[in-house]
Amino acid sequence: MKQQRECHTLGMWLFLVTELMMFGGLFFVYSLYRGMFPVAFEEGSKHLNIWLGTINTFVLLFSSLTMAMAVHSAGSKDRKWLVRWLLITFVLGAAFLGIKAVEWGVDWQEGLIPGLNWHYYADHPEQAAHLLEANSGVHQVLMFFTIYFCMTGLHAIHMIIGLGLVGTFAVMGWQGKFTNGNEQPVEILGLYWHLVDIIWIFLFPLLYLIAGLMHGGGGH
């Protein structure tokens, strides 16, 4: 039994490493292009909503706490609080996605979605002229938003998967399947959820703060 638990834990850690490698590739691409076209990336970041991003950051941080409490409840065989903490985590995760959907809706209205609804240059001729003067190609703003939607979209997919798992575990937890000495699945779920939260902790400053707030941007 102990060996089986160790194998499951090791398997989850290997999975998490592959996830980090995948996001690491996106972080590398972001860093590369931001180093090449800093003015364009700063300009693109100015159109992100820092306030919604900040709220979502606190939502995910709190969800990490509730997930940790769920893991603790499973370990202490407290079925009711296990389910309650999982449900609270589910609500927080859904709130994160809801807020993100609102932000993306504003991006759509402002024509900031590459390939689907993009008319940034037509709506912001002064900024486009400024980018040309700074020898930073105007099309690199398009690159910024392409990377932005790839990174946040991939993160949202992981959140959706996490919500499905949390909801399923809440039902199974109510049936008493994790408070009979079999709390390891909840621990593994907690590792996944914390990884998703940590990735957002890196995404938030890279996309919203470093290239936005520190350079006078911040919000639509």
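What counts and what doesn't
Residues numbered from 1 in each chain as written. Predicted model: local features only at pLDDT ≥ 70, side-chain atom pairs only at ≥ 80, totals over all residues. Heavy atoms only, no water. pLDDT = per-residue confidence, 0-100. Contact = heavy atoms within 4.5 Å. Salt bridge = Lys/Arg side-chain N within 4 Å of Asp/Glu carboxyl O. Buried < 20%, exposed > 50% of the residue type's maximum accessible area, 1.4 Å probe, protein only. Helix = DSSP H or I, 4+ residues; strand = E, 2+ residues; numbered from the N terminus.

*Asks:* Before we go on, may I ask you to explain the confidence of the model for the protein in this structure?
*Replies:* If pLDDT is low for a region, its predicted coordinates should not be looked at in detail. Of all residues in the protein, 83% have pLDDT values of 70 or greater, and the mean over the chain is 85. This model gives residues 212-218 a pLDDT under 50, and the stretch forms 14 contacts once residues within four places in sequence are excluded.

*Asks:* Please explain the pattern of salt bridges as it appears in this structure.
*Replies:* For side chains of opposite charge, pairing can occur when their charged atoms come near one another. For the structure shown, the criterion picks out two salt bridges. The residue Glu-43 makes a salt bridge to Lys-46 at a minimum N-O spacing of 3.9 Å. What makes Glu-43 buried here is its relative accessible area of 7%. In this structure, the salt-bridge partner of Glu-103 is Lys-100, at a minimum N-O distance of 3.0 Å. Residue Glu-103 and its partner Lys-100 are both found in helix α4 (residues 79-109); the two are separated by three residues, about one turn of the helix. Exposure remark for Glu-103: the relative accessible area of 1% places this residue in the buried category. What makes Lys-100 buried here is its relative accessible area of 1%.

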